[in-house]
Amino acid sequence: MAGQGSGGNVIAAICNIFFPGLGQLVQGRILSALIFAIIVVGGYALWFLIIPGVIAAIAHLWSIIDAAKYRSDSRYERS
């Protein structure tokens, strides 16, 4: 990815709108993709308890923002 505000980050953020964690997966961040997916899908599944649904909605929004603002550390990238 080129960095914050790049086209790749926009695509990743749009992917997260449809399925939480998909944008992180597109960026190659597998662990954070799994964490976001588990928290959001689990919270939405327990929507009738209200609190997990609210936490899931916040985590879903956070995953979208996280994908949009992601900036890779260029020291560890190969050219």
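Only a predicted model underlies this, so the values are computations on that prediction, with no experimental measurement involved.

Enquirer: I'd like a description of helix 1 (residues 7-18), backed by residues and values.
Expert: Its twelve residues place the ends of helix 1 17 Å apart at the C-alpha level, agreeing with the 16 Å of an ideal helix rising 1.5 Å per residue. Listed as buried for helix 1 are Asn9, Ala12, Ala13, Cys15 and Asn16. Viewed end-on, helix 1 has its buried residues packed into an arc of 160°, placing them on one side of the element. Structurally, helix 1 contributes buried residues whose contacts are with helix 2 (22-26) and helix 4 (51-69).

Enquirer: Describe the packing of aromatic side chains, listing the residues and the values that go with them.
Expert: Scanning all chains against the criterion turns up two aromatic pairs. Here the aromatic rings of Phe36 and Trp62 are separated by 5.6 Å at their centres, their planes lie at 85°, and the arrangement is edge-to-face. Separated by 26 residues along the polypeptide, Phe36 in helix 3 (residues 30-45) and Trp62 in helix 4 bring together distant segments of the chain. Given a relative accessible area of 9%, Phe36 falls into the buried group. With a centroid separation of 6.2 Å and 85° between ring planes, the pair formed by Trp47 and Phe48 is classed as edge-to-face. With respect to class, Trp47 is no different from Phe48; both count as exposed. Seen from the ring of Tyr70, Arg29 lies directly overhead, with NZ or CZ sitting 4.0 Å from the centre.

Enquirer: How would you sum up the side chain of Gln27? Please name residues and give values.
Expert: By the element assignment, Gln27 lies in the loop between helix 2 and helix 3. Among the polar contacts listed, one links the side chain of Gln27 to the side chain of Asn9, at a separation of 3.1 Å.

Enquirer: Describe the UniProt feature "transmembrane region" (unreviewed entry) in the chain, and please don't skip the residues or the numbers.
Expert: Those places that UniProt annotates as "transmembrane region" (unreviewed entry) correspond, in this numbering, to residues 30-62. Counted over residues 30-62, helix gives 85% and strand 0%. Its end C-alpha atoms are 16 Å apart.

Enquirer: Which residues make up a nonpolar patch on the surface, and what values do they have?
Expert: There is a patch of nonpolar side chains on the surface, built from Val10, Ile14, Ile17, Phe18, Phe19, Leu22, Leu25, Val26, Ile30, Leu34, Ile38 and Val41 and spanning about 1,100 Å² of accessible area. Elements represented by at least two residues in the nonpolar patch include exactly helix 1, helix 2 and helix 3. Residue classification places Leu22 among the partly exposed positions, given a relative accessible area of 33%.

Parameters and conventions
Residues numbered from 1 in each chain as written. Predicted model: local features only at pLDDT ≥ 70, side-chain atom pairs only at ≥ 80, totals over all residues. Heavy atoms only, no water. Helix = DSSP H or I, 4+ residues; strand = E, 2+ residues; numbered from the N terminus. Expected span 1.5 Å × (residues − 1). Buried < 20%, exposed > 50% of the residue type's maximum accessible area, 1.4 Å probe, protein only. Arc of directions from axis to C-beta. Contact = heavy atoms within 4.5 Å. Phe/Tyr/Trp six-rings, centres within 6.5 Å; stacked < 30°, edge-to-face > 60°. Lys NZ or Arg CZ within 6 Å of the ring centre and 35° of its normal. Polar contact = N/O pair within 3.5 Å; in protein donor to acceptor, adjacent residues only side chain to side chain. UniProt positions renumbered as here; feature names shortened; annotations may be inferred. Patch = residues over 30% accessible without salt bridge, like charges linked within 9 Å, V, L, I, M, F, W, Y side chains within 5 Å. Areas by Shrake-Rupley, 256 points an atom, 1.4 Å probe, with all protein chains shown as cover. Salt bridge = Lys/Arg side-chain N within 4 Å of Asp/Glu carboxyl O.

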